[in-house]
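Chains, contacts and geometry: an overview
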Amino acid sequence: MARSSSPNVPRLDTNNRTLSLDKVPQLVGQLGSDGIASLKADESLAPPGKSRAPRSLKAAFDAVGDSRRESLTDTASETASEEDYDSLKHDPAVLAEGAKGGGLVLETIGQSTVNSGAKSFGSIKTSSTKSRPGPARLKSIPVTLNKLKEKGRYILTADDDALREILRAGMERVKQEKNPSSAKRKSKFSDLVFTRRFTAFDRQNVESAASPFHGFFTLFWLGTGIYMLQIAAANWQKHGNVLGSNEIMGLMFQRDLVVLGLSDGVMCASTYFGVALQHLIFRGWLSWNRQGWIIQSLWQAFFLFVVLAWTLFREWPWTHTVFFVLHGIVMLMKQHSYAFCKIQSHSEDLYSNDIADNGHLSEVYKMRAKLQLKLKQLDNIETVETPSATTPKASSLTTSYLDFRPTSNDLNQRRQSLRRNSIHEEASNISQIAAAIESGEPLDVDQVQAFQRIINWEIDALAEDLKGKCTNSGNYYPKNLNAANHFEYIVLPTLVYELEYPRSDSINWYYVAEKAVAVFGILGIMNLVSQTFIYPVVVRTIEMKDAGMSIQERLREFPWILSDLIFPFMMEYMMTWYVIWECILNLLAEITYFADRGFYDDWWNSVSWDQFARDWNRPVHNFLLRHVYHSSISSMRVNKYTATLITFFLSACVHELVMWCLFKKLRGYLLFLQMTQIPLVQLSRSRFLKGRATLGNLIFWIGIFTGPSLLCSLYLII
């Protein structure tokens, strides 16, 4: 609805049915501090096409929102390498009934429940607690449009407070973007939600089984099986053994197999150090914010050093070394996630973090105990009828939020607001109340009632933090500080610690047997490929070095060695990924009742390297996103681009460390190639590749084809 306050305001003849709003000029301008926007016609904008223009300001805002949502559904090559859990939308089709825990509660909605194959699906049930009333929806927004003497210029006056606030916030946001030195809004990171889902190639995934490309999946394994039988038959004919000369199998079992198993068991058992440390912190003998995190960091550094030193001391073959080092890195990441999470976890706001790491929870537990003590002290303070001179006054305290039970979203928003405001104030409400109680001065009745309500609300809020996403009270902090909870987490196929995960109700032992057979079958395929195609090339390069060939002579052989290794290494790369992320992790998830099987996404459709980094290994990606990317932004106060660089660099260093353990050479080839993914990511967003999914996917697959064989050739030749 528009109200005219000047005879110069343009009017539309409602009797003329053929009049179109297409002739109305596009207006642009600036919003003043008084809420008045100075507008003028923007001649640079092309006139609208056949689509009808919005007939109200509300419709215009809706149209802008629709266009924004459409812009977010572009090709994957335009997605940022940075990812926030707030942007993850869970498909209801993957939230299957039959799983419990993990932070999502499912219910069947009568006849509206969707059935897909043999699986029953439900919808997310919202909390039944009292929620805050949303803003009233306006059917019309009162505005005043005044035409100025200057041609094409108008003044739009917004009489609606909500609209004025929206426009003012928008202008402030634009002003902050133009002025980097201005204070920026702190980002809030929400944690990932574990749900019940299946991997893409799992036979329990009804959607994938119904894919039109399912036949190609069957054809691949049929062709692979026939080809492996052909190789095995040739080996039998030539060597009398289906595995050929069988050097690789000999390396795996010739020595120290029992020592390897015992060493791995001791390594896993030593992770209990973190639980013992958390017990000391819980009992008050140590403080996490003072000594705890330092001790944990030193332990993790010592743990990694011992893992690497033990492999060198035992002089294990590459098979033993790769297994032990990679498993040691996995245990290191699990320990870190169990103890650390620095997202918005600062001393001035101990409970702004909604992520359940035990270091943070220990401080939350102490804070709740302090508030409970203050509440008891408040009961012993003398009350007076007349207004007390003790500050803060009851009237000066914000209490509107106390009428509602604390929820995680509203709680974090309010605390972030309090943290921002406390920069310009002497202390927060809680600090002032604690000081007033500590002083022992008399308080009036209004103060006592207000203090009690605020402290009780904060205690309830801290209890919600200690609860996390748990549906079982037996997992609340500090009940989770026990050996059973810790070692259950150690064997679960996840690198991110939570108090509770979605769990399945039973174990399908036929499914376990199926995955176990697949593991041994694929390991056999990998052994055949390595023995037949890779091992002879490795032996040839060793003979070249033993014969005293110069580096120049060996480099002349480099192209031929690279061409001999491209297809075998591609096969090994694919088989390694499939046996770990599809077979072993699914097997482990089944026997541990772990219901969230989202170990990977469709990385084979990647059109950029950042998409590949996100999708091919979701457990590691989730760890890096929470504990490196988000923690870098929160703790080091860096921007998202610097945090991305830190994340890529750390990942590259870990990969190079594994290559050093494998080849006993520190060359930096893998580190360099992995860091080149960053400019390739920027290239994928350029106008040359943006929107060209097929070309981007082709470039990606060329990199996958050549990368592993190129690395191995470099380490062998140089």
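These numbers come from a predicted model, not from an experiment.

The rules behind each value
- Residues numbered from 1 in each chain as written.
- Predicted model: local features only at pLDDT ≥ 70, side-chain atom pairs only at ≥ 80, totals over all residues.
- Heavy atoms only, no water.
- Helix = DSSP H or I, 4+ residues; strand = E, 2+ residues; numbered from the N terminus.
- Buried < 20%, exposed > 50% of the residue type's maximum accessible area, 1.4 Å probe, protein only.
- Phe/Tyr/Trp six-rings, centres within 6.5 Å; stacked < 30°, edge-to-face > 60°.
- Lys NZ or Arg CZ within 6 Å of the ring centre and 35° of its normal.
- 1 Å grid on protein atoms, 1.4 Å probe; cavity = no way out; pocket = protein on both sides within 12 Å on 5 of 7 lines; lining within 4 Å.
- Points joined across faces, edges and corners; volume = space filled by probe spheres on them.
- Nonpolar A, V, L, I, M, F, W, Y, C, P; charged D, E, K, R; others polar.
- Salt bridge = Lys/Arg side-chain N within 4 Å of Asp/Glu carboxyl O.
- Patch = residues over 30% accessible without salt bridge, like charges linked within 9 Å, V, L, I, M, F, W, Y side chains within 5 Å.
- Areas by Shrake-Rupley, 256 points an atom, 1.4 Å probe, with all protein chains shown as cover.
- Axes fitted to C-alpha atoms, helices over the stretch in contact; angles between N-to-C directions.
- Parallel < 35°, antiparallel > 145°, perpendicular 65-115°, else oblique.
- Left-handed = near helix turned anticlockwise from the far one by under 90°.
- Contact = heavy atoms within 4.5 Å.
- pLDDT = per-residue confidence, 0-100.

Quick notes on unusual backbone geometry
For the peptide bond that leads from Thr 391 to Pro 392, omega is 5°, which places it in the cis range. Within the element layout of this structure, Pro 392 appears in the loop between β11 (383–384) and α11 (408–421). Of note, the bond from Tyr 477 into Pro 478 is cis; its omega dihedral lies within 30 degrees of zero at 5°. Inspection of the secondary structure puts Pro 478 in the loop between α13 (445–467) and α14 (483–491). Even without glycine at this site, Asp 256 takes up a positive phi of about 60°. Summarising the element assignment, Asp 256 is placed in the loop between α5 (247–253) and α6 (257–270). For Arg 637, which is not a glycine, the phi torsion comes out positive at approximately 60°. Examined against the element boundaries, Arg 637 turns out to sit in the loop between α19 (618–636) and α20 (640–663).

Topic: the environment of Pro 387
Position of Pro 387 among the secondary structure elements: in the loop between β11 and α11. Its relative accessible area of 73% is what places Pro 387 among the exposed residues. Residues Pro 387 and Asp 444, 57 residues apart in the sequence, show an inter-C-alpha distance of 5.6 Å.

What to know about the packing of aromatic side chains
For the coordinates displayed, the defined rule picks out 41 aromatic pairs. Seen in terms of ring centroids, Phe 213 and Phe 216 are 6.4 Å apart; in terms of plane orientation they differ by 40°. Their pairing is tilted. Between the NZ or CZ atom of Lys 334 and the centre of the ring of Tyr 489, over which it lies, the distance is 4.5 Å.

A word on empty space enclosed by the protein
In this structure the tally under the stated criterion is five cavities of 30 Å³ or more. The computed volume of the largest cavity comes to approximately 110 Å³. Taken together, 14 residues make up the lining of the largest cavity; nearest its centre are Phe 194, Thr 494, Gly 598, Pro 619 and Asn 622. Grouping the amino acids of the lining of the largest cavity by side-chain chemistry returns eight nonpolar, three polar and three charged. In this structure, the second largest cavity occupies an estimated 90 Å³ of space. Around the second largest cavity sit Val 607, Ser 608, Trp 609, Leu 680, Leu 683, Ser 684, Leu 689, Gly 696, Ile 699 and Phe 700, which together line it. Every element with two or more residues in the lining of the second largest cavity is listed here: α22 (677–684) and α23 (693–717). Taken together, the residues of the lining of the second largest cavity break down into seven nonpolar, three polar and no charged.

Focus on the pattern of salt bridges
Per the stated rule, a full pass over the model turns up 15 salt bridges. Notably, a salt bridge pairs Asp 256 with Arg 255, separated by 3.1 Å at the nearest N-O pair. When its relative accessible area of 32% is taken as the criterion, Arg 255 is described as partly exposed. Of the charged contacts in the structure, one is a salt bridge between Arg 614 and Asp 610, with a shortest N-O distance of 3.7 Å. Residue Arg 614 and its partner Asp 610 are located together in helix α18 (residues 609–615), separated by four residues, close to a single helical turn. In this structure, Arg 614 and Asp 610 share a single accessibility class: buried. It is possible to trace a salt-bridge network through shared partners that takes in Asp 202, Lys 515 and Glu 582.

What to know about a nonpolar patch on the surface
Side chains of Phe 213, Phe 216, Leu 219, Leu 222 and Ile 226 sit close together on the surface and give an oily, nonpolar patch of about 580 Å² of accessible area. Tracing the backbone shows Phe 213 in the loop between α3 (206–209) and α4 (214–239). Phe 213 sits in the exposed class, given a relative accessible area of 58%.

Remarks on the packing of helix α9 (residues 318–339) against α14
Remark: α9 packs on α14, axes separated minimally by 10 Å, with the N-to-C direction vectors making an angle of 135°. Relative to α14, the element α9 is oriented oblique. Crossing of α9 over α14 shows right-handed handedness. Contacts between α9 and α14 involve Met 331, Met 333, Lys 334, Ser 337 and Tyr 338 from the first element and Asn 485, His 486, Tyr 489 and Ile 490 from the second. In terms of residue class, the contact of α9 with α14 is built from five nonpolar, three polar and one charged.

Structural notes on the packing of helix α10 (residues 358–379) against helix α12 (residues 429–439)
Two numbers describe how α10 lies on α12: the axes approach to 10 Å, and their chain directions differ by 45°. In this view, α10 runs oblique relative to α12, as classed from their interaxial angle. Judged by the sense of rotation from one axis to the other, the crossing of α10 with α12 is left-handed. Residue-level inspection shows Leu 371, Lys 374, Gln 377 and Leu 378 of α10 in contact with α12, the latter providing Ile 430, Ala 434, Ile 437 and Glu 438. Of the residues assigned to the contact of α10 with α12, the class counts are five nonpolar, one polar and two charged.

Focus on the confidence of the model for the protein chain
Averaged over every residue, the pLDDT of the protein chain is 76; residues scoring 70 or more account for 68%. Looking across the protein chain, the model is least confident in strand β7 (residues 119–120), with a mean pLDDT of 35, and most confident in α6, with 95. Low pLDDT (under 50) marks residues 84–99, which in the prediction has 47 contacts with non-local residues, meaning those over four places away or in another chain. Between residues 342–354, whose pLDDT stays under 50, and residues either more than four places distant or in other chains, the model counts 48 contacts.

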